[in-house]
Amino acid sequence: MAESGALTDRLREHRLILRYADEPGYSQDIDCYLRHGGYEQLRKALSMDPAAIVAEVKASGLRGRGGAGFPTGTKWGFIDHTKNRKPVYLLCNADESEPGTFKDRQIIYKDPHQLLEGMIIASYANRAHLAYIYIRGEMVRGAQILERALAEARAKNFLGTNILGSGYDLDIFVFRGAGAYICGEETGLIESLEGKRAYPRIKPPYFPAALGLYLCPTIVNNVETLCNVKHIVEMGGAAFAKIGTPNNTGTRIWCVSGDVRRPGYYEYDCGAITLGELLYDVCGGIRDGNRLKAVIPGGSSAKVLRAGEIYRVQRKKPDGSAEEIEMRLEDLPLDFDTIAASGSMSGSGGVIVMDHTRDMVECLSNLSAFYAHESCGQCTPCREGALWMHKILRRMVGGGARPEDPQLLLDVSGQIAGRTICAFGEACSWPVESFVAKFREEFEAKATAAQESESLSRAC
Amino acid sequence: MALIKNPFDHDLTPADAPLVHVQLDGQWVEVPRGLNVIEVARRFGKLIPHYCYHPKLSIAGNCRMCLFEMGTPKLGPDRKPILDAEGRPVLQWMPRPQIACATTAFEGIGIRTNSPLVESCQEGVLEFLLLNHPLDCPICDQAGECKLQEYAFDYGKGRSRFGEEKVKKPKRVDIGPRILLDDERCILCTRCIRFARELAGEDCLGITERGGYNRLSVYPDKRFTSNYSLNTADICPVGALTTKDFRFRMRVWFLKETESICVDCATGCNVTVGSREGIVYRLTPRVNEAVNSHWMCDQGRLGFHPIHSKHRVLEPGRRADGRLFPGEWPLLLRQVAEALRKLDPSSLALLVSARMTNEELFLVRQLRDLLQGDGEIFTEVVPRKGKADGLLRSDDLNPNSRGARILGIGTDGERLPELRKGIEEGKIRALFCLHEDAAGAGVPEALLSGLVLLVWQGILADRSSEIAHWVLPGASFAEKNGTMVNRAGRLQRIQQAIPTPGRAKEDIRILRGLILALGGEDFGQSGPEVFAKMAARIPAFQGLSWVGVGNQGVTLPGEVQ
Ligand SMILES: Cc1cc2nc3c(=O)[nH]c(=O)nc-3n(C[C@H](O)[C@H](O)[C@H](O)COP(=O)(O)O)c2cc1C
Ligand code: SF4
Ligand code: SF4
Ligand code: SF4
Ligand code: FES
């Protein structure tokens, strides 16, 4: 919620998804939503051919907002409706558990019908007649809000049988998780929805679009992704694709937390502002006049960026040829591709800021505690490695660091990433790898300090 | 096809599966399309180490021990594979290792089982698995046949970098009547869970807790009671599941292994008998895809114990005035032969066991022919009926009913009631019990004691042996060589693991002694010798040899149902 006025035009938020969310008087009621043009896009969508909606979403260039940035239209295109004879399910991933991420809950708590409208359109486009919202267990009130919104929508025949006379049937149910991060991994989510332990499935063969919920074709999309669908129907794929930059279309909600003056969530066109502008202008700079030390740009699983780093980034010139340019951390545009080119990822949009007073070993130890607790424990490298890394870091923070620890941490994280069942393996090892690689001196200093204090205590 | 239906058969492909070309560590080979990559490697003598993969269970892909480097044909602009000078597809290698257990062969797949990346993956997984492992090897029953030990030796680092406190988990958890769990040793491969669910049909095991604290648990208020529970101890790659029966009884490397079959029912599951110095310590299932696949039931597995029972008859002897006097075999056999010869053949009955081998039954038949002349000696077997369980267990608890039928011994027990009647009516006045208890088969003891001659041959004392005039201690299945025909008409070998105890004697030798004493032919004194002579005379066994039957058996053409 940037204070307008203080910001130049360029830095003013462009709210598409959160357009009404924080408007005074805007409520979760369906009447309020309808007054703001709600469910008009559903009417429009129901008059379209489902395949045409998929085509619009493809044309829009929309990429998933859940973390991986996978093109939504491509995902939807995986289901071949000419061959498929099984029911199709649509699942809304509202598990939002990635540390540093708090965007989906804004939508759910403040504008639930926007999500429902997006979901109904997406379900129609994918020919699903049953959809679920898998909501994080801790969001008790969010679940209640959604239940109420669903009842309202049912009462108005936006859900149910023969929706708005179109002949299309759909129902949506809320399913509450039991409080585990891994339930946000799409195949873990599916297992959990089936009533089992949220053990992610092996891929291949269990790609959701082929063998998803009850081994039927299933589309899993993030809350924010699904909301975008409504706007794509409204403006058309081509117009949507003009928002942002090529291959980085639409807006994104950035959740800023940590050592800035004004943490919060801010919605901008992809690539419209830089990381520096977000931190210094939008969020009012580093707190207490401190200096920036590090930023995690896309939720805690993304690799950390260190202040002062220069990145070599590929950029397309207007004539289509590529050029490589050098970029400072502050100059990175907030999009998908440039942040990926910096060696990290925009992930879930959770920007975590650390200032110069932060002890990076402590920060990493904190993160590693989360991953050690949240590993589902199904596969060996992640189960054993996540806990091991945390034990090493906890010992380092507690004054027991050893000279071999930094290298050991790198080795262990290297033995996890790329070798596990699900992307949690990367999620838990990338922070370790990047923290140690980029702040190695701090990790080594811990060992030196520990040795000094030991020889001191021996001398006494 | 095995007599049990496996939920999966990753190691088998349909006979009509087309062959595809696969590059295995640089060599192009042909394998059926769809064959699991672990099995592809295995067929060419290479081991892709694995823990969670089992050819007969669903794929879990959780241990990550089987990571390999996978190549796919590089496609040209025309979307067709680019070929090298030899006409082979040029491969491109995926940067990420893949799990072999969830990959199947397709045309042009490249498999690297020992590249630096693969070795680094294997070393990493092993290091992880050992971090919190209790390393109980000195007192662990699995030691010596533990995949953690084996792979640590073959693929491990050889030193530990773990300087933290280990995770503590429950030990000695009683999860079922026959099985114990040590959670600290468990590597969470979920093989046992999948076995219980998919094969035993008893979904009762699962994983509780989170992450590094995960542990195997039995469902609340449930126990793993399946009659197949002990198979989990076999497929558990480590010493996490141990059988209460074998636990702490013997270090496995001291066990002599003898390939045999289970004689607890007509299925004839193939087993390995583990013995040491005259004592059998355990039976474990031995793979035979025509019979039991990888499995056996708990009852059969534990069924060997009576052979070491204190009721085992160890001395041959003659009863006089109610007392049994031990005697020397040659003398006793001559005396028994003499007593049998003196009888009117029609007054003699043979009560024979369908638990005896074909060779023994063949000799019984020779003995009968010698004795009966033109008359007829009543001969019958004792039926044993149980309940088939739809898995392995047969409703016929005699392991060789079909052999008895082939050899013309009895009528599956249909005429058994005539035995009692014959004795009651005084027509039958002498009885030779071979591994059967006449009292147990329905002849009251009072009638038995009235017989002029009662000869008993067997292993465990019973009511008949208590009153028999002659007691001839024979051999248990672990103490002899022979063949049996299972319920599917498959001829299989049992093989001697231990010597007969005390002065007990292999039944073939007892019967041979009697036959020779009666002036009959010498059919040899070992299972293989008798088998050769039998095969020459009995049409069903025509053309078969002891060696040819092998350790997997052969299906008798005339016996397939
Ligand atoms: C460990 C892990 C946790 C995840 N948690 C979430 C989550 O909480 N919410 C979410 O939308 N996606 C999450 N994802 C990503 C999902 O697997 C999936 O890619 C996403 O829901 C797809 O939606 P999208 O294409 O709309 O982004 C997670 C992925 C991993 C590996
Ligand atoms: S990588 Fe971690 S979270 Fe994912 S399946 Fe394996 S143990 Fe579970
Ligand atoms: S399971 Fe294997 S490695 Fe573990 S204690 Fe037993 S023998 Fe040793
Ligand atoms: S007890 Fe054995 S078979 Fe079962 S999960 Fe553990 S290691 Fe695997
Ligand atoms: S054997 Fe393939 S992952 Fe365990």
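The rules behind each value
Residues numbered from 1 in each chain as written. Chains lettered and ligands numbered in written order. Predicted model: local features only at pLDDT ≥ 70, side-chain atom pairs only at ≥ 80, totals over all residues. Heavy atoms only, no water. Helix = DSSP H or I, 4+ residues; strand = E, 2+ residues; numbered from the N terminus. Buried < 20%, exposed > 50% of the residue type's maximum accessible area, 1.4 Å probe, protein only. Contact = heavy atoms within 4.5 Å. Lys, Arg positive; Asp, Glu negative; His and termini not counted. Charge placed at Lys NZ, Arg CZ, Asp CG, Glu CD. Domains from an automatic or database assignment. Buried area = accessible area lost by both parts, 1.4 Å probe. Near = heavy atom within 4 Å. Polar contact = N/O pair within 3.5 Å; in protein donor to acceptor, adjacent residues only side chain to side chain. Salt bridge = Lys/Arg side-chain N within 4 Å of Asp/Glu carboxyl O. Axes fitted to C-alpha atoms, helices over the stretch in contact; angles between N-to-C directions. 1 Å grid on protein atoms, 1.4 Å probe; cavity = no way out; pocket = protein on both sides within 12 Å on 5 of 7 lines; lining within 4 Å. Points joined across faces, edges and corners; volume = space filled by probe spheres on them. Nonpolar A, V, L, I, M, F, W, Y, C, P; charged D, E, K, R; others polar. Pairing = 2+ DSSP bridges. Phe/Tyr/Trp six-rings, centres within 6.5 Å; stacked < 30°, edge-to-face > 60°. UniProt positions renumbered as here; feature names shortened; annotations may be inferred.

Of the regular secondary structure elements, chain A holds 18 helices and 13 strands. When its C-alpha atoms are laid out on the principal axes, chain A stretches across 85 × 50 × 45 Å. Taking all 460 residues of chain A together, the buried fraction comes to 59%. A separation of at least 24 residues holds for 70% of the contacts in chain A among residues at least 6 apart in sequence. If the 54 positive side-chain charges of chain A are averaged to one point and the 58 negative ones to another, these points end up 3 Å apart.

This next bit is on the domain arrangement of chain A. All names here are of chain A. You can read the domains of chain A as domain 1 (17–241), domain 2 (244–355) and domain 3 (360–459). Of note, the centres of domain 1 and domain 3, computed from C-alpha atoms alone, are 37 Å apart. The interface of domain 1 with domain 3 comprises 14 residues on the first partner and ten residues on the second. Summed over both partners, the interface of domain 1 with domain 3 comes to about 940 Å²; 69% of that surface belongs to carbon and sulfur atoms.

Now for the site of ligand 1. Residues and elements named next belong to chain A. Taken together, the neighbourhood of ligand 1 is formed by 19 residues, with Gly66, Lys75, Asn93, Asn222 and Thr225 sitting nearest. The contact in question runs from an oxygen atom of ligand 1 to an N or O atom on the backbone of Gly66, over 2.7 Å. Note that a nitrogen atom of ligand 1 is positioned 3.3 Å from one of the backbone N or O atoms of Gly184. Looking at the shell around ligand 1 element by element, the count peaks at three residues for strand 4 (residues 218–222).

The next subject is the side chain of Asp507(B). Residue and element names in this part refer to chain B. Considering the arrangement of structural elements, one finds Asp507 in helix 13 (residues 507–517). A residue is classified by how much of its surface remains accessible, and Asp507, at 0% relative accessible area, is buried. A distance of 3.3 Å separates a polar atom in the side chain of Asp507 from a polar atom in the side chain of Lys480. Among residues more than four places away in sequence, those in contact with Asp507 are Glu360, His435, Gln457, Gly474, Ala475 and Lys480.

Moving on, we come to the interface of chain B and chain A. Contacts between chain B and chain A engage 39 residues on the former and 34 residues on the latter. Both sides together, the interface formed by chain B and chain A hides about 2900 Å², and carbon and sulfur atoms give 50% of it. Remark: the boundary between chain B and chain A carries four salt bridges. The partner of Arg210(B) in a salt bridge is Glu374(A), and the shortest N-O contact between them spans 2.5 Å.

The interhelical angle for the contact between helix 3 (residues 50–60) of chain A and helix 6 (residues 112–125) of chain A, taken along N-to-C directions, is 115 degrees, at an axis separation of 8 Å. Every residue of helix 6 of chain A that contacts helix 3 of chain A at Pro50(A), Ile53(A) and Val54(A) is listed here: Ile121(A), Tyr124(A) and Ala125(A).

This paragraph deals with empty space enclosed by the protein. The tally for this structure, following the rule as stated, stands at six cavities of 30 Å³ or more. Forming the boundary of the largest cavity are Arg383(A), Glu384(A), Leu129(B), Asn132(B), His133(B), Val167(B), Lys169(B), Glu184(B), Arg185(B), Cys186(B) and Ile187(B). A class-by-class count of the residues in the lining of the largest cavity yields four nonpolar, two polar and five charged.

The full set close to ligand 2 counts 13 residues, and Cys376(A), Gln378(A), Cys379(A), Cys382(A) and Cys422(A) are the nearest of them. Partitioned by chemical class, the residues of the shell around ligand 2 number eight nonpolar, five polar and no charged.

It is worth spelling out the domain arrangement of chain B at this point. Here the domain parsing of chain B yields domain 1 (19–129) and domain 2 (317–476 + 503–542). For domain 1 of chain B and domain 2 of chain B, the distance between their C-alpha centres works out to 58 Å.

The subject of this paragraph is the pairing of strand 16 (residues 323–326) of chain B. All names here are of chain B. With four bridges connecting them, strand 15 (residues 317–320) and strand 16 associate as antiparallel partners. Directly across from Gly317, in strand 16, lies its bridge partner Pro326. Hairpin connection, strand 15 to strand 16: the antiparallel pair is bridged by two residues, and Asp321 has positive phi, about 50 degrees.

What follows concerns the pattern of salt bridges. By the definition in use, this model includes 80 salt bridges over all chains. Among the salt bridges present, the one from Glu40(A) reaches Arg43(A), with a minimum N-O distance of 3.9 Å. Taken together, the residues span about one helical turn, with Glu40(A) and Arg43(A) both in helix 2 (residues 40–46) at a distance of three residues. According to the relative accessible area criterion, Arg43(A) is partly exposed, its value standing at 42%. Here Glu127(B) and Lys157(B) are joined by a salt bridge, their closest N and O atoms 3.6 Å apart. Of this pair, Glu127(B) sits in helix 2 (residues 116–131) while Lys157(B) is found in the loop between helix 3 (147–155) and strand 7 (173–176), placing the two residues 30 residues apart along the sequence. For Lys157(B), a relative accessible area of 25% puts it in the partly exposed group. A network of salt bridges, in which partner residues are shared, links Asp259(A), Arg287(A), Asp288(A), Asp355(A) and Arg358(A).

Moving on, we come to the packing of aromatic side chains. Going through the model one piece at a time under the given rule, you end up with 23 aromatic pairs over all chains. A centroid spacing of 5.5 Å and a plane angle of 75 degrees characterise the contact between Tyr371(A) and Phe424(A), whose relative ring orientation is edge-to-face. Of this pair, Tyr371(A) sits in helix 14 (residues 360–374) while Phe424(A) sits in helix 17 (residues 424–438), and the two are 53 residues apart along the sequence. Like Tyr371(A), the residue Phe424(A) is buried in the burial classification. Centroid distance Phe531(B) to Phe541(B): 6.5 Å. Interplanar angle 40 degrees. Geometry classified as tilted.

Bringing the UniProt feature "domain: 4Fe-4S Mo/W bis-MGD-type" (unreviewed entry) in chain B into the picture now. Under the feature "domain: 4Fe-4S Mo/W bis-MGD-type" (unreviewed entry), the UniProt entry names residues 255–311 of chain B. End C-alpha to end C-alpha, residues 255–311 of chain B measures 25 Å, and it is 9% helix and 35% strand.

Another point: the sheet that holds strand 7 (residues 251–258) of chain A. Backbone hydrogen bonds hold the strands of a sheet together, and the pairing may be parallel or antiparallel. Residue and element names in this part refer to chain A. With mixed pairing, the five strands of this open sheet are ordered in space as 8-7-13-9-10. Where the open sheet ends on each side, the last strands, each with one partner, are strand 8 (264–269) and strand 10 (305–306). Where strand 9 (residues 292–296) meets strand 13 (residues 350–355), four bridges bridge the pair, whose relative direction is antiparallel. Looking across to strand 13, one finds that Ile296 is bridged to Ile352.

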